[in-house]
There are 2 protein chains.
Amino acid sequence: MFLTVTLNAALDLTYGVRHLEPHASHRVRNVTQRPGGKGLNVARVLAALGHRAAVTGFVGGGTGRELRALLSDSGGVRDALVPVAGATRRTVGVVDESTGDTTQFNEPGPHISAAEWDSFLATYRDLVRAVDDPPRAVALCGSLPPGVPVGAYAALIREARAAGVPTLLDTSGEPLRRGLAARPELVKPNARELAEITGSTEPLRAARGARRRGARSVAASLGAEGMLLVTRDGTWQAAPAERLPGNPTGAGDSAAAALLSGFAEDLPWPELLTRAVALSAATVASPVAGEFDAPTYARLLPGVRVSEPNEPDIPA
Amino acid sequence: MFLTVTLNAALDLTYGVRHLEPHASHRVRNVTQRPGGKGLNVARVLAALGHRAAVTGFVGGGTGRELRALLSDSGGVRDALVPVAGATRRTVGVVDESTGDTTQFNEPGPHISAAEWDSFLATYRDLVRAVDDPPRAVALCGSLPPGVPVGAYAALIREARAAGVPTLLDTSGEPLRRGLAARPELVKPNARELAEITGSTEPLRAARGARRRGARSVAASLGAEGMLLVTRDGTWQAAPAERLPGNPTGAGDSAAAALLSGFAEDLPWPELLTRAVALSAATVASPVAGEFDAPTYARLLPGVRVSEPNEPDIPA
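This write-up is about the structure you can find in this document. (Residues numbered from 1 in each chain as written. Chains lettered and ligands numbered in written order. Predicted model: local features only at pLDDT ≥ 70, side-chain atom pairs only at ≥ 80, totals over all residues. Heavy atoms only, no water.)

Think of interface size as the accessible area that goes away when the parts come together; that is how it is often given. With 32 residues of chain A at the contact, the number on the chain B side is 32 residues. Regarding the contact of chain A and chain B, the summed buried area is about 2,500 Å², with carbon and sulfur atoms giving 56% of it. Looking only at chain A, the three residues that lose the most surface to chain B are His 23, Arg 90 and Phe 105 of chain A, adding up to 25% of its buried area. Between chain A and chain B we count 2 salt bridges in total. Arg 90 of chain A serves as the salt-bridge partner of Glu 66 of chain B, at 3.8 Å between the closest nitrogen and oxygen. Contributions of two or more residues to the side of chain A that touches chain B are made by strand 2 (10-17), strand 3 (25-27), strand 4 (30-36), helix 2 (61-74), strand 8 (89-96) and strand 9 (102-106) of chain A. With 5 residues, strand 9 of chain A is the single largest residue contributor to the side of chain A that touches chain B. In the side of chain A that touches chain B, the residues fall into 13 nonpolar, 11 polar and 8 charged. By the bridge criterion, 3 bridges tie strand 3 of chain A to strand 9 (residues 102-106) of chain B in an arrangement that is parallel. Its bridge partner being in strand 9 of chain B, Arg 27 of chain A is matched across the sheet by Asn 106 of chain B. (Contact = heavy atoms within 4.5 Å. Buried area = accessible area lost by both parts, 1.4 Å probe. Salt bridge = Lys/Arg side-chain N within 4 Å of Asp/Glu carboxyl O. Helix = DSSP H or I, 4+ residues; strand = E, 2+ residues; numbered from the N terminus. Nonpolar A, V, L, I, M, F, W, Y, C, P; charged D, E, K, R; others polar. Pairing = 2+ DSSP bridges.)

Here it is, written out as structure tokens:
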């Protein structure tokens, strides 16, 4: 079993409009809704890869009821979300059907009280310490809702380590900075998030900086350039053999699912990286945002090129 | 008691963003949600004016549950909505806080089955024929959801007339065209809607055209220019003494509430028009979209100028 944590889960709405025009009124032609938030996406991908996965985090209000109903309908993911008084946030992605571009609106999320945070900590502790079905690894994903302490992920990483469960952290800003200090087994930032934390815009240098700040291994996503993996055992870079057009939504969450499952299976690092890159590209190629195309994944796997990255030039 | 019909009710969401930028991701700074759809707004204004009001139409799904909870919390309006299998639509208004401009996204609404339409007709018949508390007037408002026959409003107008209850119709396009033929007591189109139906962009000529097509009286909203009223008894135009800046959302619904209540009270036409113009302007001036500012309404009432409109030039 894998456990994913989504402290700021969302009901993700996607609106298709003919053409986005600021300050105009738009008839929405297509509406889709799905359970959202990075950890929920990671759990869904894990389930689609044949793993058992449980999700925890906060859920509340009418939007929370809708999220739980959709999660239950989608099957394969165990719902261990913790009820709160506030309402689960929505995100609205408006897709301009004439260009394919998306304009995104993200609600901030409900305020979490100190008592609700304590209740979540107790649930989380029970989940990571479960005697009969302990998690093989935990993914800690996404932003923090208002009220949750900024050191939340650091506390969750320490709690997992005390139970002997490895963690993957995928967040940004101060929660990432604090989380690094608690020494997670894996972090999965993108180049921008790495630069924010380390001050370096050169990915290899920045990834090494993140290791110095505490991460055991750093998988940095470089968009269409693939992914860079910096570990104690070596450094690798990988990219798909072909660039597939599509929607990058959820590609990072698919990469996180591949990294987490590969890590738990003790895969060699280059193979783990290969899976993450192929699954991420197969997610971009899928017509549905956040889902991966299984035949594309199988096709891309053998073609992923893994290499050792060039050392960056030393600045003068 | 007044009855308002909203066949395509909505959960109205308003998102405040710092600055709207197409194809970017936005953090929503403020979220408000309220029961929406023109008929629901009209009923809320009637209640705020001290009248008893009931709403009917369709409601369904998780969004429908939220709408009913908000309606019940707001108080003063009786919920006679008819449950359906589909989910109540949402509308999302994105307010650019740097300019005050709103970009609107409207979901289409649930598909209504023939059986659901029949069930609504039975409920509506009971409401307009109620022996103990019959409605003084009915407002028929807004667009039709998918599946509802385009002649829906015509049928509802005839049903009300058979029960001796006058109707106000506020819709557009083909539902308005068909509705006119059933001879409602009042229609409240804007200049664009009138032009669509009559082919004339000159408001007085267009309003007379709408009367020829069946409406007993036509109250045409002219935006900041006020309102034009064409009846069997005479023709009047009115505008507020001052132009107040603000948000025009719901101004038309406030005008409809004033017209409906004034008509039921047998007010002289110029006085009815005065109330509609003042209430509409007080709604624009209110900080909350769709609500009117009572002191502003009281202040504006005595200053509304009513005049007989100039005849349009006869085109060569």
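For the rest of this paragraph, the subject is the side chain of Arg 89 of chain B. All names here are of chain B. Structurally, Arg 89 is set in strand 8 (residues 89-96). Buried and unpaired, Arg 89 has Asp 12 as its nearest opposite-charge partner, separated by 6.2 Å. A distance of 2.9 Å separates a polar side-chain atom of Arg 89 from the backbone oxygen of Asn 8. The residues touching Arg 89, leaving out its near neighbours within four places in the chain, are Asn 8, Ala 9, Ala 10, Leu 11, Asn 106, Glu 107, Pro 108, Gly 109, Pro 110 and Ser 143. (Buried < 20%, exposed > 50% of the residue type's maximum accessible area, 1.4 Å probe, protein only. Lys, Arg positive; Asp, Glu negative; His and termini not counted. Polar contact = N/O pair within 3.5 Å; in protein donor to acceptor, adjacent residues only side chain to side chain.)

Another aspect to go through is helix 4 (residues 152-162) of chain A. Within helix 4 of chain A, burial applies to Ala 152, Tyr 153, Ala 154, Leu 156, Ile 157, Glu 159 and Ala 160 of chain A. Along its buried surface, helix 4 of chain A packs onto strand 1 (2-6), helix 3 (114-128), strand 10 (137-141), strand 11 (167-170) and helix 5 (173-181) of chain A.

With that out of the way, let us pick up the relation of the copies chain A and chain B. Here two copies of a chain appear, and what relates them is a rotation about an axis with a shift along it. With an RMSD of 0.0 Å, chain A superimposes on chain B once it is rotated by 180° and translated 0.0 Å along the axis. Accordingly, the operation relating the two chain copies is best matched by a two-fold axis. Using C-alpha coordinates, one finds that chain A approaches the rotation axis most closely at Gly 62 of chain A, a distance of 3.2 Å. A symmetric contact is evident, with 100% of the interface residues of chain A recurring at the interface of chain B. (Least-squares fit on C-alpha atoms with pLDDT ≥ 70 in both.)

As a further point, take the packing of aromatic side chains. All told, the structure shown has 13 aromatic pairs over all chains when counted by the stated rule. Between Phe 58 of chain A and Trp 117 of chain A the ring centres are 6.4 Å apart and the planes differ by 50°, which places this aromatic pair in the tilted class. Residue Phe 58 of chain A is found in strand 5 (residues 53-59), and its partner Trp 117 of chain A is found in helix 3; the two are separated by 59 residues along the sequence. Each member of the pair, Phe 58 of chain A together with Trp 117 of chain A, is buried. Taking 6.0 Å as the distance between ring centres and 25° as the angle between the ring planes, the aromatic pair formed by Phe 120 of chain B and Tyr 124 of chain B counts as stacked. Taken together, the positions of Phe 120 of chain B and Tyr 124 of chain B, both in helix 3 (residues 114-128) and 4 residues apart, correspond to about one turn of that helix. This pair shows no difference in class: Phe 120 of chain B is buried, exactly as Tyr 124 of chain B is. Taken together, Phe 58, Trp 117, Phe 120 and Tyr 124 of chain A form an aromatic cluster joined through their ring pairs. (Phe/Tyr/Trp six-rings, centres within 6.5 Å; stacked < 30°, edge-to-face > 60°.)

This brings us to the sheet that holds strand 3 of chain A. In space, the 5 strands of this open sheet follow the order 3(A)-9(B)-8(B)-2(B)-4(B), with mixed pairing throughout. Single-partner strands in this sheet number two, and they are strand 3 of chain A together with strand 4 (30-36) of chain B. For this sheet, the mean inter-axis angle between neighbouring strands, taken without regard to orientation, is 15°. Bridge analysis of strand 8 of chain B against strand 9 of chain B gives 5 bridges, and the strand direction is antiparallel. The residue of strand 9 of chain B that forms the bridge with Val 94 of chain B is Thr 103 of chain B. Against the sheet, helix 2 (residues 61-74) of chain B touches strand 2 (10-17), strand 4 and strand 8 of chain B, its axis set at about 85° to strand 4 of chain B. (Axes fitted to C-alpha atoms, helices over the stretch in contact; angles between N-to-C directions.)

What follows covers the packing of helix 3 of chain A against helix 4 of chain A. Residues and elements named next belong to chain A. The interhelical angle for the contact between helix 3 and helix 4, taken along N-to-C directions, is 30°, at an axis separation of 10 Å. When the axis of helix 3 is compared with that of helix 4, the two are roughly parallel. As for the relative orientation of helix 3 and helix 4, their crossing is right-handed in sense. Contacts from Trp 117, Phe 120, Leu 121, Tyr 124, Arg 125 and Val 128 in helix 3 reach Ala 152, Leu 156, Glu 159 and Ala 160 in helix 4. Tallied by class, residues from the contact of helix 3 with helix 4 come to 8 nonpolar, no polar and 2 charged. (Parallel < 35°, antiparallel > 145°, perpendicular 65-115°, else oblique. Left-handed = near helix turned anticlockwise from the far one by under 90°.)

All names here are of chain A. Within strand 13 (residues 217-221), 5 of the 5 residues are buried, which leaves it mostly tucked inside the rest of the structure. Every second residue of strand 13 is oriented toward a common face, with Ser 217, Ala 219 and Ser 221 on one face and Val 218 and Ala 220 on the other, all of them buried. Bridge analysis of strand 12 (residues 186-187) against strand 13 gives 2 bridges, and the strand direction is parallel. By the bridge assignment, Leu 186 is partnered in strand 13 with Ser 217. For strand 13 and strand 14 (residues 227-230), the ladder comprises 4 bridges, and the chain directions are antiparallel.

Before going further, it helps to spend a moment on the environment of Ala 258 of chain B. With respect to the helices and strands, Ala 258 of chain B occurs in helix 8 (residues 251-264). Along the sequence, Ala 258 of chain B and Val 42 of chain B sit 216 residues apart, while their C-alpha atoms lie 8.9 Å from each other.

All names here are of chain A. Side chains Thr 167 and Leu 169 of strand 11 all project onto a buried face; the interleaved residues Leu 168 and Asp 170 project onto the opposite face, where all are buried too. Here strand 10 runs beside strand 11; their pairing, made up of 4 bridges, is parallel. Counterpart to Cys 141 in the pairing with strand 11 is Asp 170. The handedness of the strand 10 to strand 11 crossover, carried by helix 4, is right-handed. (Right-handed = clockwise from strand over helix to strand, strands pointing away.)

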